[in-house]
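So the chains spell out like this:
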Amino acid sequence: MSFSSDTKGELARTAPEKKCCMLAEIAGFIRVCGSVKLVGGGKMELVIATENPAVARHYKKLIKDYFDVDAALGISEGNTIKKGRQYILSLSDKEGQKAEPILRETGILMIREGMNYISDGIYEGLIKTKCCRKSYLRGAFLGVGTMSDPEKSYHIELVCSTETLANDLKKLINGFVGINARTVQRRKSYVVYVKEAEQIGDILNIMGAHQQFFDFENVRLKKEMRNKANRLINCDNANLDKTMNAAQRQLDAIDKIERLKGLTFLPAKLEEAAVMRKNNPEATLQELADMMNPPMKKSGLNNRLKKIEDIADKLV
């Protein structure tokens, strides 16, 4: 099971308590997964498709609880376009399942100038309250949402069929504090996405996937700790390399002076520093400073060693 599937599994076990939230969630799901067919005599059929069996069962029950109708549940095997198995919920006016009233109440079937039309976007009347906005987002995610495994990357997205719907979903998501969703066109689809880890965690909480939120945060914190540890190790390694390179330069300078002039050529304080470095080639600058008699500050010893390097550079 993927992290995305586990998230949908948890959300499919979450039942809205308020009637308004039930309707908002059903509307969000139908908006992204539903299609409308004319079946003759002015009758309509609502067909809702999902690849997740738990999601199909969840909405069959939710539609029953809210509208008091039994949606027919069928299975469609893959074809050349959609290779995976699909679970189909269908409601038909011919079967007395009130497809048209459901479409109207979910803000999908509208009327203008006496003519019916299918709306393109989110009906504002369904998302007036914060709890309903959360429910609508949950329905949309259960329909067309995916998210990547946080061990690999941070990414959550909802794939929409129209630009209007994508923009409406982006507006809905961005209505929650601290979230900045974006949209992008991908072939013939429009994608609403978020890539920031903290914002993805907030979205999981908003939708009601609390266990997945804790799992997500656990992975995120572990990754942050690993990255911090790696940065510290890299920093320590860089400092060690820097220290070793500096020590080698000092030893090379001391060796050159000793070969060409002898260490007594140096002033007494520099000679003392040169002998200390030569006798302790692996010691750090601080360790050398502590060994001096009397002990010195690290900066003072560093200045002496730099003067030794300068003298060696001038010898030919």
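Before any of the text, the structure's been laid out above.
Note that the structure is predicted; figures quoted are calculated from it, not measured.

Chemist: I keep staring at the sheet that holds strand β8 (residues 156–160) and nothing clicks. Help me out?
Modeler: Strand-to-strand pairing in sheets goes through backbone hydrogen bonds, with the strands running parallel or antiparallel. If you walk across this open sheet you meet the four strands as β7-β8-β10-β9, and the pairing is antiparallel. At either margin of the open sheet sits one strand with a lone partner, and together these are β7 (145–147) and β9 (182–186). Pairwise comparison of adjacent strand axes, ignoring direction, gives a mean angle of 25 degrees for this sheet. Here β7 pairs with β8 via three bridges, running antiparallel. Within β8, the position partnered with M147 by the bridge is I156.

Chemist: I'm lost on helix α7 (residues 197–207) in this one. Help?
Modeler: Every α-helix winds through 3.6 residues per turn, so residues three or four apart in the chain are directed the same way. Within α7, eight of the eleven residues are buried, which leaves it mostly tucked inside the rest of the structure. Within the sequence span of α7, burial applies to A197, Q199, I200, G201, I203, L204, I206 and M207. A positive backbone phi angle near 100 degrees is found at G208, which sits one or two residues after α7.

Chemist: Help me understand the environment of N218, please; the structure alone is not making it clear to me.
Modeler: Tracing the backbone shows N218 in helix α8 (residues 210–260). Residue class for N218 comes out partly exposed when judged on its relative accessible area of 39%. On a C-alpha basis, the gap between N218 and K269 in space is 57 Å, while along the polypeptide they are 51 residues apart.

Chemist: Is there a simple way to explain the packing of helix α2 (residues 19–33) against helix α3 (residues 53–67) in this structure?
Modeler: Any two packed helices are characterised by how steeply their axes cross, that is the angle between the axes, and by the distance between the axes. For the pair α2 and α3, interaxial distance at closest approach is 10 Å and the crossing angle is 135 degrees. Regarding the angle of α2 to α3, the classification is oblique. Two packed elements cross with a definite hand, and for α2 against α3 that hand is left-handed. Mapping the contact onto sequence places K19, M22, L23, E25, I26 and F29 in α2 and V55, H58, Y59, L62, I63, D65, Y66 and F67 in α3. Residues belonging to the contact of α2 with α3 are distributed by class as follows: ten nonpolar, one polar and three charged.

Chemist: Please explain the layout of surface pockets as it appears in this structure.
Modeler: The rolling of a water-molecule-sized probe over the atoms marks out the regions of remaining empty space. The calculated volume of the largest pocket comes to roughly 890 Å³. Per-element accounting of the lining of the largest pocket gives the leading share, five residues, to strand β2 (residues 44–50). Taken together, the residues of the lining of the largest pocket break down into 16 nonpolar, 15 polar and six charged. Volume-wise, the second largest pocket comes out at about 290 Å³. Along the wall of the second largest pocket there are 15 residues; nearest its centre are K242, T243, A246, L285 and N302. Put simply, the parts of the chain that give the lining of the second largest pocket at least two residues each are α8, α10 (285–291) and α11 (298–314). For the lining of the second largest pocket, the leading source of residues is α8, giving six residues. Considering only residue class, the lining of the second largest pocket consists of four nonpolar, five polar and six charged.

Chemist: How do you make sense of the environment of G107 when you look at a structure like this?
Modeler: Among the structural elements, G107 can be located in the loop between α4 (99–105) and β5 (109–112). Take G107: its relative accessible area is 2%, and that puts it in the buried class. Expressed as a C-alpha distance, the spacing of G107 and I122, which sit 15 residues apart in the sequence, is 7.4 Å. If near-sequence neighbours (up to four positions away) are discounted, G107 is found in contact with R31, S119, Y123 and L126.

Chemist: Explain the side chain of Q212 to me, please; I cannot follow it from the model alone.
Modeler: By the secondary structure assignment, Q212 is in helix α8. A distance of 3.1 Å separates polar atoms of two side chains, one belonging to Q212 and the other to T7. The contacts of Q212, once residues within four sequence positions are left out, are F3, D6, T7, E10 and L204.

Chemist: Please clarify how the packing of aromatic side chains should be interpreted in this entry.
Modeler: Describing an aromatic ring pair means giving the distance of the ring centres and the angle of the ring planes. A complete count under the given rule lists five aromatic pairs for this structure. Taking the centre distance of 6.4 Å and the plane angle of 55 degrees together, the rings of F3 and F216 count as tilted. Of this pair, F3 sits in helix α1 (residues 3–12) while F216 sits in helix α8, placing them 213 residues apart in sequence. Through a chain of ring-to-ring contacts, three or more aromatic side chains come together here, namely F3, Y154 and F216.

Chemist: Quick question: what am I supposed to make of empty space enclosed by the protein here?
Modeler: One pass over the structure, following the stated rule, counts one cavity of 30 Å³ or more. In this structure, the largest cavity spans a volume of roughly 60 Å³. Only α5 (130–144), β8, β10 (189–194) and α7 provide two or more residues apiece to the lining of the largest cavity. Across the lining of the largest cavity, the residue classes break down as ten nonpolar, no polar and one charged.

Chemist: Mind showing me how you'd approach the pairing of β2 here?
Modeler: On any regular strand, side chains alternate: one points to one face of the sheet, the next to the other face. Of all seven residues making up β2, six are buried, and the element is well covered by its neighbours. Strand direction decides the pairing type here: strand β1 (residues 34–38) and β2, joined by five bridges, are antiparallel. Directly across from V36, in β2, lies its bridge partner L46. Between β1 and β2, which follow one another and run antiparallel, lie five residues, and G40 among them has a positive phi close to 95 degrees. Of the strand pairs in this sheet, β2 and strand β4 (residues 86–92) are connected by six bridges, and their pairing is antiparallel. Counted as the bridge partner of A49 is I88 from β4.

What counts, and at which threshold
Residues numbered from 1 in each chain as written. Predicted model: local features only at pLDDT ≥ 70, side-chain atom pairs only at ≥ 80, totals over all residues. Heavy atoms only, no water. Pairing = 2+ DSSP bridges. Helix = DSSP H or I, 4+ residues; strand = E, 2+ residues; numbered from the N terminus. Axes fitted to C-alpha atoms, helices over the stretch in contact; angles between N-to-C directions. Buried < 20%, exposed > 50% of the residue type's maximum accessible area, 1.4 Å probe, protein only. Parallel < 35°, antiparallel > 145°, perpendicular 65-115°, else oblique. Left-handed = near helix turned anticlockwise from the far one by under 90°. Contact = heavy atoms within 4.5 Å. Nonpolar A, V, L, I, M, F, W, Y, C, P; charged D, E, K, R; others polar. 1 Å grid on protein atoms, 1.4 Å probe; cavity = no way out; pocket = protein on both sides within 12 Å on 5 of 7 lines; lining within 4 Å. Points joined across faces, edges and corners; volume = space filled by probe spheres on them. Polar contact = N/O pair within 3.5 Å; in protein donor to acceptor, adjacent residues only side chain to side chain. Phe/Tyr/Trp six-rings, centres within 6.5 Å; stacked < 30°, edge-to-face > 60°.

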